[in-house]
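Chains, contacts and geometry: an overview
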Amino acid sequence: MNASKFYVQGELPKDVHRSFLQRLRLRLFQPLRPEEEAEERAGWCAVGQPFDLELTAEKVFSGPYLSLGLRTDRYRFPPAVVHAELAQAADGLRQKRGQERLSRTQTAELKRRVLQALRRRYLPSMQAVDLVWNLERQELYFWSRSARLIERLGELFELSFGLELVLDSPYTAALHTLEGKALQAALQQVALSPFQEVARGSR
Amino acid sequence: MDLVDRIETTRFLGGEFVLWLWFSRDVLDGVLAIPGQGVVEIALESSLVLVDPLEDKERVTIRGRDPLGSPEAEHALLLGKLPRQVGLRFTFDQNEWVAMLDAASFALSSVKLPALLSEGEEEHFHERLRFLEQLHDLVQGLYRQFLRVRLSPEWESGLLPAMQRWLRGEVLDAEAYEALHAAAPAAKRRRKA
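Residues numbered from 1 in each chain as written. Chains lettered and ligands numbered in written order. Predicted model: local features only at pLDDT ≥ 70, side-chain atom pairs only at ≥ 80, totals over all residues.

Here we look at the overall build of chain A
Check the secondary structure of chain A and you find eight helices and seven strands. C-alpha atoms of chain A, sized along the principal axes, occupy 80 × 60 × 30 Å. Put simply, chain A has 203 residues, and 23% of those count as buried. Expressed as a percentage of contacts within chain A between residues at least 6 apart in sequence, the contacts between residues at least 24 apart total 69%. (Helix = DSSP H or I, 4+ residues; strand = E, 2+ residues; numbered from the N terminus. Buried ≥ 20, exposed ≤ 12 C-beta atoms within 10 Å, placed from the backbone. Contact = placed C-beta atoms within 7 Å.)

Observations concerning helix α6 (residues 170-177) of chain A
Those residues of α6 of chain A not exposed but buried are P170, Y171, T172, A173 and A174 of chain A. The elements touched by buried residues of α6 of chain A are β1 (4-9), β7 (164-167) and α7 (181-189) of chain A together with α1 (3-9), α2 (12-27) and α4 (121-150) of chain B.

Thoughts on the packing of α6 of chain A against α4 of chain B
The geometry of α6 of chain A relative to α4 of chain B is characterised by a closest axis approach of 10 Å and an angle of 85° between their N-to-C directions. Between α6 of chain A and α4 of chain B, the angle is such that the two are roughly perpendicular. Contact with α6 of chain A, carried on its side by A173, A174 and T177 of chain A, involves Q140, Y143, R144 and L147 of chain B of α4 of chain B and no other residues of that element. Considering only residue class, the contact of α6 of chain A with α4 of chain B consists of four nonpolar, two polar and one charged. (Axes fitted to C-alpha atoms, helices over the stretch in contact; angles between N-to-C directions. Parallel < 35°, antiparallel > 145°, perpendicular 65-115°, else oblique. Nonpolar A, V, L, I, M, F, W, Y, C, P; charged D, E, K, R; others polar.)

Here's the deal with the interface of chain B and chain A
In this assembly, 42 residues from chain B lie in contact with 40 residues from chain A. For the side of chain B that touches chain A, the secondary-structure elements that each account for two or more residues are α1, α2, α3 (71-78), β6 (107-112), α4 and α5 (153-167) of chain B. The element contributing the most residues to the side of chain B that touches chain A is α4 of chain B, with 10 residues. Taken together, the residues of the side of chain B that touches chain A sort by class into 22 nonpolar, 10 polar and 10 charged.

A few points about the pairing of strand β6 (residues 139-142) of chain A
All names here are of chain A. Pairing of β1 with β6, which is carried by four bridges, proceeds in the antiparallel orientation. Looking at the pairing, S4 lines up with F142 of β6. The pairing of strand β5 (residues 125-134) with β6 spans four bridges and is classified as antiparallel. Bridge assignment links V132 to a residue of β6, and that residue is Y141. Between β5 and β6, which pair antiparallel in sequence order, lie four residues; one of them, Q138, sits at a positive phi of approximately 55°. (Pairing = 2+ DSSP bridges.)

Regarding the pairing of strand β3 (residues 55-64) of chain B
For a regular strand, side chains alternate in direction, first toward one face of the sheet and then toward the other. Residue and element names in this part refer to chain B. The pairing of strand β2 (residues 38-52) with β3 spans seven bridges and is antiparallel. Across the sheet, residue S47 finds its bridge partner in β3, namely R63. Counted along the chain from β2 to the antiparallel partner β3, the turn is two residues long.

Describing the domain arrangement of chain A
Buried accessible area, meaning the area lost when the parts come together, often serves as the stated size of an interface. Taken as a whole, chain A is organised into domain 1 (4-76 + 124-196) and domain 2 (79-121). Taken over C-alpha atoms, the centre of domain 1 of chain A sits 40 Å from the centre of domain 2 of chain A. (Domains from an automatic or database assignment.)

Here we look at unusual backbone geometry
Excluding glycine, most residues fall at negative phi; most peptide bonds, likewise, are trans. At Q138 of chain A, a position not held by glycine, the phi torsion is positive, near 55°. For Q138 of chain A, the position within the fold is in the loop between β5 and β6. With 18 C-beta atoms packed within 10 Å, Q138 of chain A lands in the partly exposed category. The backbone of D29 of chain B shows a phi angle near 55°, a positive value even though the residue is not glycine. The class for D29 of chain B is exposed, based on 11 C-beta atoms found within 10 Å.

Side note on the nonpolar core
Grouped together as the largest cluster of nonpolar side chains are 77 residues, with contacts concentrated most on L131 and F142 of chain A together with F17, V18, L21, L101 and L135 of chain B. Ranked by the residues each element gives to this core, the list is headed by α4 of chain B, at nine residues. (Core = buried A, V, L, I, M, F, W, Y, C linked by C-beta atoms within 7 Å.)

Examining the confidence of the model for chain A
Mean pLDDT over chain A: 90, with 96% of residues reaching 70 or higher. Counted against residues more than four places away or in other chains, residues 198-203 of chain A, with its pLDDT under 50, gives 15 contacts. (pLDDT = per-residue confidence, 0-100.)

This is how it looks when you write it as structure tokens:
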């Protein structure tokens, strides 16, 4: 099991369940459609159920926990296929128009059509990662350590809940664990200790 | 300095924390008391990565039954490297957790939780999360204990010199260890929201 831990920053609304459920439904995952230009989309789904896009209080809330899946769909075409399809379409258009070279606008339009045709032929790849947020402790676990997914989670989380996620680190863990002004002030001044200067060549 | 800068410039605290865990395990035979939480048995095992805190590319990876007891680990410490990743085994409240701790990010990977005993899907879910949170609480509790001394004046005058002597091969007894830690301000557990 690999999980990333976050601290949630900000005040929770008064009616957490109702408010969050409404907000979540605004950013449910919406499947990609071939006729759209979008090549990638992310949104919320039920925890452990990437195809379940009907979030209810029973599915989302359990005790102090809020559980969700972050689903991301993405069209990924092999570059060689895109290149070959584009070359073929460009040949066809050149012959049809009797042009030796295509203009930039024609090439861009051709690429748009080729990609749209590919989107009709291929299914998007799907990735779903679960998260569990302890609303009492304001801590959240996300079952991935991918920097790309963590960034996407942060963006969607902030849009959905109006709260900020701060990834665990020695500094953030210290901020959350230390009490007392003196220790907090010392944390701001702390510098690397010289273990090695004394240890070097003497152990 | 903003939050992002401070996070980046204090990642060495994680390496120092693991070195302190290593030191504490040696002195206390692996049994540490965490104020407000209880007694935990700690084993550092299976894998160890040491990195020069000033030159991130310089790293030594050691695997095996006792990577911390290897000459390679000792040599890396003498060259000024700090632990970056370490295999942890915690025994607490009759349960056992295994994980890899990344000292620079505090990320726990390859986590093995204690066996789940509850029945029913929801109970299973809660038990699993409780164990995961307990593991993070144990790391947090130990880190709090380390910081309490690390950020106090007693660090420079007492514990750092003791750890430097330990690195030179000097043995510290448990009583002296407790005295060094008792001198720091009392640990307070931060209340959860």
